[in-house]
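Here are the chains, one letter per residue:
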Amino acid sequence: MFPEYDVIVVGAGHAGCEAAAAAANLGSRTLLITMNMQTIAQMSCNPAMGGIAKGQIVREIDAMGGYSGIITDLSMIQFRMLNRSKGPAMWSPRAQNDRMLFHLKWREMLEKTANLDFYQDMVKGLLIKNGGCNGVLTGLGHAIKAKSVVLTNGTFLNGIVHIGEKNFGGGRMAEKSATGITEQLVSLGFESDRLKTGTPPRIDGRSLNYSKMEEQPGDDEIIGFSFTNTQKPETQKSCWITYTNQKVHDILKTGFDRSPMFAGRIDGVGPRYCPSIEDKINRFSERERHQLFIEPEGWNTVEIYVNGFSTSLPEETQYEALRNIVGFENVKMFRPGYAIEYDFFPPTQLDYSLETKLLHNLFFAGQINGTTGYEEAACQGLMAGINAHQKTKELKPIILKRSDAYIGVLIDDLISKGTQEPYRMFTSRAEFRTLLRQDNADLRLTELSYRLGLASQERMNKVADKKDSVEKVKTLLKEISAEPVEINNWFEKNNSSLITEKQKIEKILLRPGVELDDLTAALPKLKETLSPFTKETIEQASIQIKYDVYIEKERELVQRMSQLEDLEIPEAFDYKKISSLGNEAREKLTKIKPRTLGQASRISGINPSDVQILMVFMGR
């Protein structure tokens, strides 16, 4: 019934979809197995993509030839560029999406992808031979062979749903959990643990009083996520902001004795940066209110997502608390919030390619690695799909460094440091964030993807044109000058020091608070000179000029640090023989088996003196 595949991807969430698309587009015969074809790329939690650091990841996925950026643009109902008041390294795109349209567009794109087959079934085990994985065993009893397998099981591995004192097996509400894989992997020597996540109640938007809330419209200009020319919406839907209050907190507290979290019925650790509402009022008892974002679920639905009100308290407690939020006095609830507890495998058991160290040809991506968030899952899926293909073709794995992409930061963090709680990406996790901006993801990554065979010729041509145009604009800004009579008026209005002789635009741009948009508005000749160029090109040239000093410093730092990254540690290196290393260092180095001295230096508990000792023993 089934041929032998190059790559089998288990699970069709964000990680699985990107993995399947990447492997298939690179030429591998790929099978995507999911328990439900109707929930491909389901937005299990909030109907949004991007945000701080996550937006950078989506743009990197797009630059690498993945689908997430395109799908996000095609299904968005609102777009905002966060952190515009800060430097470009902090700018982060975020989209509110139509939940159903997002799923439909993903399925549509996957069905148009050559080399990709689908099958609906549960995978209950792996086929193991000679220390490697060579296929899967399904619930219906099919043994399907493949050269590589990518597991992207999300929250389904032995998933348990909790609502108050009620709990039942499930990977999502109304969907059964997956069993068998964890038990088999543990029997083979893998370490597993439990994590939890949660989701808020969904409510009827017709029952809300929006006049009592603060409106949050989208940006006037929709930049979007994809570097291709995707269609953007002509109109946008607003989100709304309201707050909890002391009465809401008091009502929620009445349910604490029946809370699965406080009663000890949940073993897994929850996400630190997206805590449940009961966790917030317990940990931050001094806070009188917490902000809530009221987010529409799509163009043609009244369903609303209450962002910030994730909870697993009893239904009646949730409902009573909601009714006391400003604007929610007559609220109707479609479905209660709930927590879900699931198995994950500490990611220190992986190589940089996301292949497991214990079993060859087996790759993990997404929440199975302890991450949280669609974006973090999608980028792991992309890299796992690429490397599963590379493995089947006996090619070198594709590995992004910390200085290449946020994707590289995430994977290095996971396999070097591991995680005891759901991992979430922030700009602060990236030491080279001036280099890793959302605006230059295409300039950083498309050429690599093109050489690999994932990014199209059209994408590569667009990047080449962009580079060329940016250089032309930078040259013009170095050549064009502003006379005192032309610009001093503007300087005076904006409390900037006046000039007594003409000055190059490039030099004026270096002044704090001066943007190229301001100068083109003040100088008609500059506006006319730059008119042939796109806004994206002009903005990119401006950023490169204004932040050149900082960019250069980071490049120098990357150069210095790359010396450690280039020093590879032999796979069979025996740390136990180095008596000058402390016990903790020996244990952690033996467990993680870092690939380079750079990775060793980032392992929690490894200090600079340990790295120096390693350098001596390696003859460096």
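Our structure's up above, just so we're on the same page.
We now turn to the structure provided with this report. Counting from 1, residues in each chain are numbered in the order their sequence is written. Thresholds applied to this predicted model are a pLDDT of at least 70 for local features of residues and 80 or more for the giving and counting of side-chain atom pairs; totals over whole chains, interfaces and linings are not thresholded and use all residues. Note that the side-chain values use all heavy atoms of the structure and ignore hydrogens as well as water.

### Regarding the overall build of the protein
Labels follow the DSSP assignment, with helices taken as runs of H or I lasting at least four residues and strands as runs of E lasting at least two, numbered in each case from the N terminus. Looking only at helices and strands, one finds 21 helices and 22 strands in the protein. For this measure, only C-alpha atoms enter the radius of gyration; the expected value for a globule follows 2.2 Å times N^0.38, where N is the number of residues. A compact globule built from 620 residues would reach a C-alpha radius of gyration of about 25 Å, and the protein, at 26 Å, matches this within 12%. For the protein, the C-alpha atoms occupy an extent of roughly 80 × 70 × 55 Å along the three principal directions. Working definition: with a 1.4 Å probe on protein chains only, accessible area under 20% of the residue-type maximum means buried, over 50% means exposed, and in between means partly exposed. Across the 620 residues of the protein, 58% fall into the buried class. Note on definitions: a residue-residue contact is assigned when non-hydrogen atoms from the two residues lie within 4.5 Å. Across the protein, contacts joining residues at least 24 apart in sequence account for 73% of those joining residues at least 6 apart. For every accessible area listed, the method is Shrake-Rupley and the probe measures 1.4 Å; residues are considered covered only by the protein chains on display. Carbon and sulfur atoms form 48% of the exposed surface of the protein, whose accessible area is close to 26,400 Å².

### Some points on the packing of aromatic side chains
Here a pair means two rings of Phe, Tyr or Trp (six-membered ring of Trp) with centres within 6.5 Å. Their orientation is stacked below 30 degrees between planes, edge-to-face above 60, and tilted elsewhere. Enumeration according to the criterion identifies 11 aromatic pairs in this entry. Taking 6.0 Å as the distance between ring centres and 80 degrees as the angle between the ring planes, the aromatic pair formed by Phe79 and Phe225 counts as edge-to-face. Taken together, the positions of Phe79 in strand β4 (residues 76-82) and Phe225 in the loop between β14 (214-216) and β15 (239-243) put the pair 146 residues apart, joining distant regions of the chain. An identical accessibility class is assigned to Phe79 and Phe225; each is buried. A centroid spacing of 6.2 Å and a plane angle of 45 degrees characterise the contact between Tyr547 and Tyr550, whose relative ring orientation is tilted. The rule is short: NZ of Lys or CZ of Arg within 6 Å of the ring centre and within 35 degrees of the ring normal puts a charge over the ring. The ring of Tyr423 carries the charged tip of Arg429 above its face, separated from the ring centre by 4.3 Å.

### Section: unusual backbone geometry
Phi angles above zero are rare outside glycine, and Asn115 is one such case at about 70 degrees. Looking at the element boundaries, Asn115 is found in the loop between α4 (99-111) and β6 (116-120). Residue class for Asn115 comes out partly exposed when judged on its relative accessible area of 39%. The residue Glu394 is not glycine, and still its phi comes out positive at about 55 degrees. Tracing the chain through its elements places Glu394 in the loop between α9 (374-392) and α10 (406-417).

### Structural notes on the sheet that holds strand β5 (residues 92-97)
We treat two strands as partners when DSSP finds at least two bridges between them. Judged by pairing direction, the sheet is antiparallel, and its 3 strands sit side by side in the order β3-β5-β4 without closing on themselves. What marks the edges here is a single partner per strand, and that holds for β3 (48-50) and β4. If you compare each strand with its neighbour and ignore which way they point, the axes differ by 15 degrees on average. Alignment of β3 against β5, held across 3 bridges, turns out to be antiparallel. Each residue of the ladder has a partner; that of Ala48, found in β5, is Gln96. To define axes, lines are fitted to C-alpha atoms, for helices over the stretch in contact only, and angles between the resulting N-to-C directions are given on a 0 to 180 degree scale.

### Focus: the nonpolar core
Put simply, a nonpolar core is a bunch of buried Ala, Val, Leu, Ile, Met, Phe, Trp, Tyr and Cys residues held in one set by side-chain atoms that sit within 4.5 Å of each other. Ile8, Leu151, Leu185, Leu362, Met383 and Ile386 are the most contacted members of the largest nonpolar core, which has 102 residues in total. In terms of residues, this core owes the most to one element, α9, which gives 9 residues. If we ignore the near neighbours within four places in the chain, the residues touching Leu151 are Val10, Leu126, Ile181, Leu185, Leu362, Phe363, Phe364, Ala365 and Ile368. Core analysis: the second largest hydrophobic core is formed by 22 residues, Ile505, Leu519, Leu526 and Leu530 among them.

### What to know about the sheet that holds strand β10 (residues 160-163)
In spatial order, the strands read β11-β10-β19-β12; together these 4 strands make up an open sheet with antiparallel pairing. This sheet does not close on itself; its edge strands, each paired only once, are β11 (166-169) and β12 (193-199). For this sheet, the mean angle separating the axes of adjacent strands, direction not counted, is 25 degrees. Bridge count for β10 against strand β19 (residues 338-344) is 3 bridges, and the pairing is antiparallel. Considered in β19, the bridge of His162 is made with Ala339.

### Quick look at the pattern of salt bridges
For this analysis, a salt bridge means a side-chain nitrogen from Lys or Arg found within 4 Å of a carboxyl oxygen belonging to Asp or Glu. Summed over the entire model, instances satisfying the criterion amount to 43 salt bridges. With a closest N to O distance of 3.9 Å, Glu341 and Arg194 form a salt bridge. Taken as a pair, Glu341 in strand β19 and Arg194 in strand β12 lie far apart in primary sequence, 147 residues in all. Glu221 is the partner of Lys535 in a salt bridge, and the nearest nitrogen-oxygen pair spans 3.1 Å. With a gap of 314 residues between them, Lys535 in helix α17 (residues 535-546) and Glu221 in the loop between β14 and β15 connect regions that are remote in the sequence. When its relative accessible area of 48% is taken as the criterion, Lys535 is described as partly exposed. One connected set of salt bridges, linked through shared partners, spans Arg402, Asp412, Asp413, Lys417, Glu431, Glu565 and Arg602.

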